[in-house]
Amino acid sequence: MSIFESLDKLRATPIPDQADARARKEGFRAYPIDKNSAAFGEAMVNLSDHGIAGENYYHSTRNPPYWRRIEGSIPDLLTRRAVALKLSGINALLRDGGIELFVFDAWRPRAVQVYFHDVWMPQEMRKRHPSLSDDELERAVETYWAAPSANADSPAPHATGAAIDLTLRFIEGERLWMGSIFDDVTALAHRDHFERDTPAMAFSDEEARANRRLLHWIMSDAGFAGHPDEWWHFSYGDQLWAKLSGAKAALYGEAKP
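Let us look at the structure shown here.

**Here's the deal with the pattern of salt bridges**
In step 1: Going through the model one piece at a time under the given rule, you end up with 16 salt bridges.
In step 2: Across the pair R110 and E254 runs a salt bridge, and its minimum N-O distance is 2.8 Å. Here the residue R110 occupies a position in helix 4 (residues 110–128), and E254 occupies one in the segment after helix 7 (239–245), the gap between them amounting to 144 residues.
In step 3: Judged by its relative accessible area of 39%, R110 falls in the partly exposed class.
In step 4: Two residues, E195 and R213, come together in a salt bridge whose shortest N-O distance is 2.8 Å. Here R213 lies in helix 6 (residues 203–220) and E195 lies in the loop between strand 5 (163–170) and helix 6, a separation of 18 residues in the sequence.

**Considerations on the sheet that holds strand 5**
In step 1: On the basis of which strands lie adjacent, the open sheet formed by 5 strands has the order 2-4-5-7-6 and mixed pairing. Every other strand in the sheet has two partners, leaving strand 2 (53–54) and strand 6 (225–226) as the edge strands with one partner each.
In step 2: Across 2 bridges, strand 6 lies against strand 7 (residues 233–235) in antiparallel orientation. Bridge pairing in strand 7 places A225 opposite S235.
In step 3: Along the sheet, helix 3 (residues 81–94) contacts strand 4 (99–105) and strand 5; its crossing angle with strand 4, the most-contacted strand, is approximately 145°.

**Describing the layout of surface pockets**
In step 1: Size it by volume and the largest pocket reaches roughly 530 Å³.
In step 2: Forming the boundary of the largest pocket are 30 residues, of which K25, F28, E142, T143 and A146 lie nearest the centre.
In step 3: Residue assignment for the lining of the largest pocket shows that the elements contributing at least two residues are helix 2 (19–25) and helix 5 (134–144).
In step 4: It is helix 5 that contributes the most residues to the lining of the largest pocket, 5 residues altogether.
In step 5: Across the lining of the largest pocket, the residue classes tally to 11 nonpolar, 6 polar and 13 charged.

Each value, and the rule that gives it
Sequence order as written defines the numbering, with residues in each chain counted from 1. With the structure being a predicted model, the display of local features is reserved for residues of pLDDT at least 70 and the display and counting of side-chain atom pairs for 80 or more, all residues being used for whole-chain, interface and lining totals. Processing note: side-chain calculations cover all non-hydrogen atoms of the structure and skip hydrogens and water entirely. The working definition used for a salt bridge is a side-chain nitrogen of Lys or Arg within 4 Å of a carboxyl oxygen of Asp or Glu. Per the convention used, a helix needs a DSSP run of H or I reaching at least four residues, while a strand needs a run of E reaching at least two, with both numbered from the N terminus. Partly exposed describes any residue whose relative accessible area lies between the buried limit of under 20% and the exposed limit of over 50%, with all areas from a 1.4 Å probe on protein chains only and scaled to the type maximum. Two strands form a pair only when DSSP identifies at least two bridges running between them. Here a residue-residue contact requires only that any non-hydrogen atoms of the pair lie within 4.5 Å. The convention used is that axes are lines fitted to C-alpha atoms, helices contributing only their stretch in contact, and that angles between N-to-C directions extend from 0 to 180 degrees. We place a 1 Å grid over just the protein atoms. Points where a 1.4 Å probe fits but has no way out form a cavity, open points with protein on both sides within 12 Å along at least 5 of 7 lines form a pocket, and any residue with an atom within 4 Å of a point lines it. Grid points are joined across faces, edges and corners, and a volume is the space filled by probe spheres set on the points. Three categories are distinguished: nonpolar for Ala, Val, Leu, Ile, Met, Phe, Trp, Tyr, Cys and Pro, charged for Asp, Glu, Lys and Arg, and polar for the others, with Gly belonging to the last.

Here it is in structure tokens:
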């Protein structure tokens, strides 16, 4: 048994093929939201008040590939209270292995969503693939960046306070290797990337695979749903969570802290 002790089993358990999740994810923004549920009006909390480590990636300047603070970003990491409590519970399980969660992003201001969906990502895709049609460009952008919306029935996931982007790190130490930077917008970021076509993996790839597995299972076992194309993105209670988990309706709409 390694230094991770009881977590070794999760590091050795493969992430399922995400093809089904990719198919089920389609159209999730039209999934119903239960606006009469007790959870719908749940308050937002600051993750730092619950002992969750992190730094808002878009408010930092140490944030490749951007290397600058994004206008409209905030320093705080805000989520619904139930999400924060679940993350605290996960940290309690991780502590025996000497590791903890580290959050990159949580509730996201609309200005940040608009910038990446409407400006940064289209420009980057056009630069790399100038022959893309408008429809192909839109599909490529929305694989990673949800469209901002003022429609109360179709909020962007991070606007709900139910979605978080995160990784694992040694307690108050370095982050575990996941095989790509956060916000990589290629197949390298796909949750199951290192589960496929790997008969002779490099040690770096094997380590990334083990760490992605641990993050996937520790979050899934706590009730979160993971975005199939982003190893870092999980949610509890939003429309994507409801669509992927088979819940009758989402618990949360747009949050306004």
